[in-house]
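Secondary and tertiary structure notes
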Amino acid sequence: MSHSPWKTLSSKIVYQNPWIKIHEDKVIRPDGKEGLYAFLSKPAAVFILAKNKKGFFYFIRQYRYPLKKYIYELPAGVVDKQSYLNNAKRELKEETGLSAKKWVSLGKFYVAPGHENVIVHSFLALNIDENLLTKKNQEGDESIQKIVKLSESRVKKYISSGKIECGISLVTWSLYQNSKFYAK
């Protein structure tokens, strides 16, 4: 492992609430000059691409306050002390009512490593039980308007037309397309 080109002189949390922390570090930059570096930290997250036996995928349409609009995205949530897989199972059930018999890790990635340390673990959920499909289990800060079932061609159309704008959902879809579980 190579050493860091950055040197941290001091570190403080300039803002925090139950969901995020904003750090401001006094640093020596790689060019040798002193400076400040601020970044966001949040718990890890899980995103779930649920696929039923007929090849349809489940997305949610949810209002996102920072954007002031509804967007399509995959079921997701932040991680607590359980395993990533258990969190993924919980979030899929909470946001859609769905459960799956088979779970596959599609991989993990950092969302925006230049200004936050958030890591996302993406999962593919297969052999879906659709009997309890509902959005009634959502938490109070969620605003899921509807759950949509999309064919693969419809997902691709939604992506190419800009209808799916959630970057993490797009990366999860890309991980799926590059996995051995994608029927090419």
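Right above here is the structure, for reference.
Numbering of residues starts from 1 in every chain and runs along the sequence as written. Owing to the predicted nature of the model, reporting of local features is limited to residues with pLDDT of at least 70; listing and counting of side-chain atom pairs is limited to 80 or more, with chain, interface and lining totals taken over all residues. Side-chain figures throughout are based on the complete set of non-hydrogen atoms in the structure, without hydrogens or water.

**Some remarks on the environment of V111**
Stated formally: Put simply, DSSP marks the helices as runs of H or I at least four residues long and the strands as runs of E at least two long, and each gets a number from the N terminus on. Only protein chains enter the accessibility calculation, which uses a 1.4 Å probe; a residue whose area is less than 20% of its type maximum is buried, one above 50% is exposed, and one in between is partly exposed. We call two residues in contact whenever any of their non-hydrogen atoms come within 4.5 Å of each other.
The topology assignment puts V111 in the loop between β8 (99-110) and β9 (119-129). Given a relative accessible area of 34%, V111 falls into the partly exposed group. For V111 and K51, which are 60 residues apart along the polypeptide, the C-alpha to C-alpha distance reads 24 Å. Beyond its immediate sequence surroundings of up to four residues, V111 is in contact with E116, V118, V120 and I168.

**A look at the packing of helix α2 (residues 152-160) against helix α3 (residues 167-177)**
Note the following rule: Between N-to-C directions, angles cover 0 to 180 degrees, with each direction set by a line fitted to C-alpha atoms, over the stretch in contact for helices. Should an angle lie under 35 degrees it is considered roughly parallel, over 145 roughly antiparallel, and from 65 to 115 roughly perpendicular; all remaining angles are considered oblique. Crossings are assigned a handedness: left-handed for a near helix turned anticlockwise from the far helix by less than a right angle, right-handed for a clockwise turn.
Close contact between α2 and α3 brings their axes to 12 Å; oriented N to C, the two are set at 135°. Between α2 and α3, the angle falls in the class oblique. Handedness of the crossing formed by α2 with α3: left-handed. Contacts between α2 and α3 pair E152, V155, K156 and I159 from the former with L170, W173 and Q177 from the latter.

**A few points about the pairing of strand β5 (residues 57-64)**
Filter applied, for reference: A pair of strands is labelled paired if DSSP reports no fewer than 2 bridges between them.
As defined by bridge partners, strand β4 (residues 45-51) adjoins β5 across two bridges and the pair is classed as antiparallel. In the strand pairing of β5, K51 is matched with F57. As consecutive antiparallel partners, β4 and β5 are separated by five residues, and within that stretch G55 has a phi angle of approximately 90°, a positive value. Two elements, β5 and strand β10 (residues 144-150), share six bridges in a ladder whose sense is antiparallel.

**Thoughts on a positive patch on the surface**
Short version of the rule: Note on patches: the residues involved have over 30% relative accessible area and no salt bridge, like charges join within 9 Å, and the nonpolar side chains Val, Leu, Ile, Met, Phe, Trp and Tyr join within 5 Å. We get accessible surface area from the Shrake-Rupley algorithm with a probe of 1.4 Å; when it comes to residues, only the shown protein chains can shield them. Any carboxyl oxygen of Asp or Glu within 4 Å of a side-chain nitrogen of Lys or Arg constitutes a salt bridge here. When charges are counted, Lys and Arg contribute as positive and Asp and Glu as negative, whereas His and the chain ends are disregarded. Think of each charge as sitting on NZ of Lys, CZ of Arg, CG of Asp or CD of Glu.
Residues K146, R154, K157 and K163 make up a contiguous surface patch of positive charge. You can see K163 is positioned in the loop between α2 and α3.

**Some remarks on the pattern of salt bridges**
Evaluation of the coordinates by the stated rule reveals eight salt bridges. Residue R64 pairs with E73 through a salt bridge whose shortest N-O separation is 2.8 Å. Of the charged contacts, one joins E165 and K69 as a salt bridge, the two residues approaching to 3.0 Å between their closest N and O atoms. Placement of the pair is E165 in the loop between α2 and α3 and K69 in strand β6 (residues 69-73), with a sequence separation of 96 residues. Given a relative accessible area of 43%, E165 falls into the partly exposed group. For K69, a relative accessible area of 33% corresponds to the partly exposed category. Via salt bridges that share partners, D80, R90 and E91 belong to a single interconnected network.

**Description of the side chain of H121**
Note on placement: H121 falls in strand β9. The exposure class assigned to H121 is buried, which follows from its relative accessible area of 11%. For H121, the residues in contact, after removing those within four places along its chain, are A45, V46, F47, Y84, G107 and K108.

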